Amino acid sequence: MQEATFLILTALADGSQHGYGIITDVPETRGGGVRLRPGTLYTALDRLSADELIAVDREEVVDGRLRRYYRLTPAGTRRLAVEAARLQAHAAAALRRLNLEGGMAT
């Protein structure tokens, strides 16, 4: 799974959000190190929607512009959980090899 996809799904794990909400949530998720650009976001949202990992939750007009809110589907929730577990297992293996699990290497 691409990092942008993982971050978008993670942002939606707390509940539905519109595009700008996702863009502002991603740096918080990553500790400020990653910035998601609108072009990347909306291309990914279209793909994730086509893959049925997310769905439109609702739409509203704000200041004359359409604001579309997205939510995770059950398939999206499962996919995010599988990917999070996979990343966690890889991180644990790396920490074991570095002798960092349970304490810092000396």
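Whatever comes next refers back to the structure up there.
Analysis parameters
Residues numbered from 1 in each chain as written. Predicted model: local features only at pLDDT ≥ 70, side-chain atom pairs only at ≥ 80, totals over all residues. Heavy atoms only, no water. Helix = DSSP H or I, 4+ residues; strand = E, 2+ residues; numbered from the N terminus. Buried < 20%, exposed > 50% of the residue type's maximum accessible area, 1.4 Å probe, protein only. Contact = heavy atoms within 4.5 Å. Polar contact = N/O pair within 3.5 Å; in protein donor to acceptor, adjacent residues only side chain to side chain. Salt bridge = Lys/Arg side-chain N within 4 Å of Asp/Glu carboxyl O. Pairing = 2+ DSSP bridges.

Within the element layout of this structure, R58 appears in strand 2 (residues 54-62). By relative accessible area, R58 is classed as partly exposed at 38%. Considered as a pair, R58 and R71 are 13 residues apart in the sequence and their alpha carbons are 9.1 Å apart. If we skip the residues at most four places from it in the chain, R58 touches S16, R67, R68 and Y69. Separated by 3.1 Å, the side chains of R58 and D57 make a polar contact.

Moving on: the pattern of salt bridges. Following the criterion strictly, the structure yields five salt bridges and no others. The shortest N-O distance in the salt bridge between R58 and D57 comes to 3.1 Å. Taken together, the shared-partner salt bridges connect D57, R58 and R71 into one network.

This part is about the pairing of strand 3 (residues 65-72). In this sheet, strand 3 lies alongside strand 1 (residues 17-18) in antiparallel orientation, the contact comprising two bridges. Across the sheet, residue H18 finds its bridge partner in strand 3, namely Y69. Bridge count between strand 2 and strand 3: eight bridges; the pairing is antiparallel. Paired with V56 across the strands is Y70, a residue of strand 3.

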